[in-house]
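# Coordinate inspection notes
The lines below spell out each chain.
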Amino acid sequence: MLDEVERRRGISAALVYPFMRSLMESPFPAPGKTIKVKTFLPGAGNEVLELRRPMDSRLEHVDFECLFTCLSVRQLIRIFASLLLERRVIFVADKLSTLSSCSHAVVALLYPFSWQHTFIPVLPASMIDIVCCPTPFLVGLLSSSLPKLKELPVEESALIVTAFFLLQMDDEDTLLPRKLQAALEQALERKNELISQDSDSDSDDECNTLNGLVSEVFIRFFVETVGHYSLFLTQSEKGERAFQREAFRKSVASKSIRRFLEVFMESQMFAGFIQDRELRKCRAKGLFEQRVEQYLEELPDTEQSGMNKFLRGLGNKMKFLHKKN
C-alpha cells in the first residue's frame, strides 16, 4: 500500500487521496486474501490493483542473509539460545543498517514466540548505560561506542556480539537440546542445498528462498519441542482455557528436551505465548499451528493418544522442509 502511495506522490500529491479513498472503501482482507482496488494514473489510465495481505508478518522487513554474512552458523545458534533463555545480548557493528537488519532478523527467528523485553536495534551512545541493566535486553551499538562499553560494569551473563564474540558465558553451546542443536546446525550449513532441492519440488515459493527456509528450520525446532502444547489446554464448563504445565513437560520422552523446557517454560516469551492461546476464543490458525498439525498427523495413532511416546523421534535427523499445505 505504501509503495503505491509513494508511486502516486512522485507524480502528484493530488493522486494520493483518491487512491486512499478507494482503498478505505474496500473490505479489510483476511490473512492470505487479496483485495482489488480500482485506481487511475495519468498515462496509465484506469487500472485494478491486487493487494494481498500476508498469511503472517513474521518475515516482513526481515533479511536473514545479513546474519550469515556477519556470523557463523555456530555463532547464530548461540545467539538464538541466549535469546530463548532471555539473556542480555548486545550487537556491535560499524553500520546502522547492519545493526538494524541483524537485530530484527534474530528476533524473527523466535517465531511463534515474541521477544518480551527491551529491544533497541540501534542504541544511541548517550543511552549506553542501559547495557548495565540487570533485566533481559537486545540492543545494537555502533563500533564507535565499543571503548565506552568495555569500561561499563556489564552483567557477566551478557552476550556481546561483534565479528567475533567479545564476551560470553561459555555455556551457550549447552543451552539447547544437543541432538536438536546438531540438527539445526546441519540444516543451516546445508541451506543452499536444501533451497535448491525445494525449488525442484511442489512446495510453495516462500520455501524456495533463504528467508523461507531459515524460518522453517527454526519453526521445526519449536514444533519438535513445544508442538504438543495444544493437547494440554483444557477447557472448563465456563469455556475458560487452562494450560496443564507439569503434564505438558512430563509428557516429553527426551530428558534433554525436558531439561530445556524446565528453563524455557519460566520465560516471559513462553508465558505470553500460552496466555495468548488460553485467551483466544477460537483455535489459532497461524503457520506454526499448521506445522504442528502436520507433525501430529505424521505420528502413529498410538503415539498421539499416549503422550509419553509423543517425542520418541526426537534426536533423529529432523525433516526441515515442510510439505505443501
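Here, every reference points to the structure presented above.
Rules and cut-offs
Numbers given to residues run from 1 along each chain, matching the order in which its sequence is written. Given that the model is predicted, a residue must reach a pLDDT of at least 70 before its local features are reported, and side-chain atom pairs must reach 80 or more before they are shown or counted; all residues, however, enter totals for whole chains, interfaces and linings. Think of the side-chain values as coming from all heavy atoms in the structure, minus any hydrogens and water. Salt bridges are defined as contacts in which a side-chain nitrogen from Lys or Arg sits within 4 Å of a carboxyl oxygen from Asp or Glu. Secondary structure elements follow DSSP: runs of H or I of four or more residues count as helices, runs of E of two or more count as strands, with numbering from the N terminus. A 1.4 Å probe rolled over the protein chains alone gives each residue an accessible area, and that area as a share of the maximum for its type sets the label: buried under 20%, exposed over 50%, partly exposed in between.

## Describing the pattern of salt bridges
A full pass over the atoms with the stated rule returns 15 salt bridges. K36 serves as the salt-bridge partner of E50, at 3.7 Å between the closest nitrogen and oxygen. Remark: K36 occurs in strand β1 (residues 34-41) and E50 occurs in strand β2 (residues 45-52); sequence separation between them is 14 residues. Residue classification places E50 among the exposed positions, given a relative accessible area of 55%. Between E246 and R249 there is a salt bridge, with the nearest N and O atoms lying 2.9 Å from each other. You can see E246 and its partner R249 sitting in helix α10 (residues 245-250), three residues apart, about one turn around the helix. When its relative accessible area of 42% is taken as the criterion, E246 is described as partly exposed. Overall, the relative accessible area of 13% leaves R249 in the buried class. Each of the salt bridges in this network shares a partner with another, and the network as a whole consists of E4, R7, R8 and E47.

Function-wise, these values are silent; they only describe arrangement.
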